[in-house]
Amino acid sequence: MTVLKDSLMKFLQALYTMLEGEEKVGPHSGRQFEPTKTLSEKDFLLIDMLNSLGHDDVCFCIADPSLKDMELVFASDGFCKFTGYPHNQIEGKNCRFLQGADTKKEDVDRIRVAIKEEKDVCVNLLNYKKDGSSFINEFFLSPLRGQNGEVLYFIGVQCAVDKLGPGQMNKNKGWVYTQGSHI
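Residues numbered from 1 in each chain as written. Predicted model: local features only at pLDDT ≥ 70, side-chain atom pairs only at ≥ 80, totals over all residues. Heavy atoms only, no water.

Caption draft 1: Representation of the environment of T83 within the structure. By secondary structure assignment, the location of T83 is in helix α3 (residues 77-83). Overall, T83 belongs to the buried group, its relative accessible area being 3%. Separated by 24 residues in sequence, T83 and C59 place their C-alpha atoms 9.1 Å apart. Among all residues touching T83, those that are not within four sequence positions of it are L98, K129 and K130. (Helix = DSSP H or I, 4+ residues; strand = E, 2+ residues; numbered from the N terminus. Buried < 20%, exposed > 50% of the residue type's maximum accessible area, 1.4 Å probe, protein only. Contact = heavy atoms within 4.5 Å.)

Caption draft 2: Region of interest: the environment of E34. Its location among the elements puts E34 in the loop between α1 (3-20) and α2 (41-51). Separated by 40 residues in the primary sequence, E34 and F74 have C-alpha atoms spaced 8.9 Å apart.

Caption draft 3: Here's a closer look at unusual backbone geometry. We note that M70 has phi near 50°; this positive angle belongs to a residue other than glycine. For M70, the location among the structural elements is in the loop between β1 (60-63) and β2 (72-75). In this structure M70 comes out as buried when scored by relative accessible area, which is 16%. Despite not being glycine, E118 has its phi angle at roughly 55°, a positive value.

Caption draft 4: Region of the structure containing the pairing of strand β5 (residues 151-161). In terms of burial, β5 is a largely internal element, 10 of the 11 residues being buried. Pairing of β1 with β5 involves 4 bridges; the strand directions are antiparallel. Bridge pairing in β5 links C61 to G156. By the bridge criterion, 10 bridges tie strand β4 (residues 134-145) to β5 in an arrangement that is antiparallel. Following the sheet pairing, I136 is matched in β5 by V161. Between β4 and β5, which pair antiparallel in sequence order, lie 5 residues; one of them, G149, sits at a positive phi of approximately 90°. (Pairing = 2+ DSSP bridges.)

Caption draft 5: The arrangement of the side chain of T103 in detail. With respect to the element layout, T103 can be found in the loop between α4 (87-90) and α5 (105-117). Residue T103 is classed as buried on the basis of its relative accessible area of 12%. At 2.9 Å, the side chain of T103 and the backbone nitrogen of G100 are in polar contact. One polar contact links the side chain of T103 to the main-chain carbonyl oxygen of L126, over a distance of 2.7 Å. Those residues in contact with T103 that lie beyond four places of it in its chain are V108, L125, L126, N127 and Y128. (Polar contact = N/O pair within 3.5 Å; in protein donor to acceptor, adjacent residues only side chain to side chain.)

Caption draft 6: Fine view of the nonpolar core. Core analysis: the biggest nonpolar cluster contains 23 residues, and L72, F79, I90, F97, I111 and L141 have the highest contact counts within it. Those residues in contact with L72 that sit more than four places away from it in its chain are C61, I62, A63, I90, E91, G92, K93, C95 and F97. Among the nonpolar cores identified, the runner-up in size contains 16 residues, and I62, F140, I155 and V157 belong to it. (Core = buried A, V, L, I, M, F, W, Y, C linked by side-chain atoms within 4.5 Å.)

Keep in mind that these numbers describe shape and distance, not what the molecule does.
In structure tokens form, the structure reads like this:
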């Protein structure tokens, strides 16, 4: 298991544990990703946590590498609220619609290499919302694998940050807990 996936899993487990103690007001109101392919146990657990109560604002999307242009098969409500794109305008499209004139080719190339090599990557890049405004995206990409280790999907998690470049992780290891509040 990679360091990025370990960190993401620890974050989600801690968040889930924290939310378990909160009063539950009603059923989960957000859309949920229902994989059509059988994920490995650890990747199913990751998706299950993202689908759980309290994660409606988490900004993530799922792409299927078996599709012609690796189109999105799911965009979370948090992703849609943050970027301004409704689900029906982005699902079925490649996520490159977030790129714009000032998105650096080198950053996009790092994502392409990670996809080709079926590896995790964290890239800090400039992206654009539907209204044309830009945001700095601390983007985490990870393959979601099947029972035999084959890549079935890629998950992309977007976190808006204040500046371009490395050094986004705050000294407070819980910095990422606040990322759902950027909407």
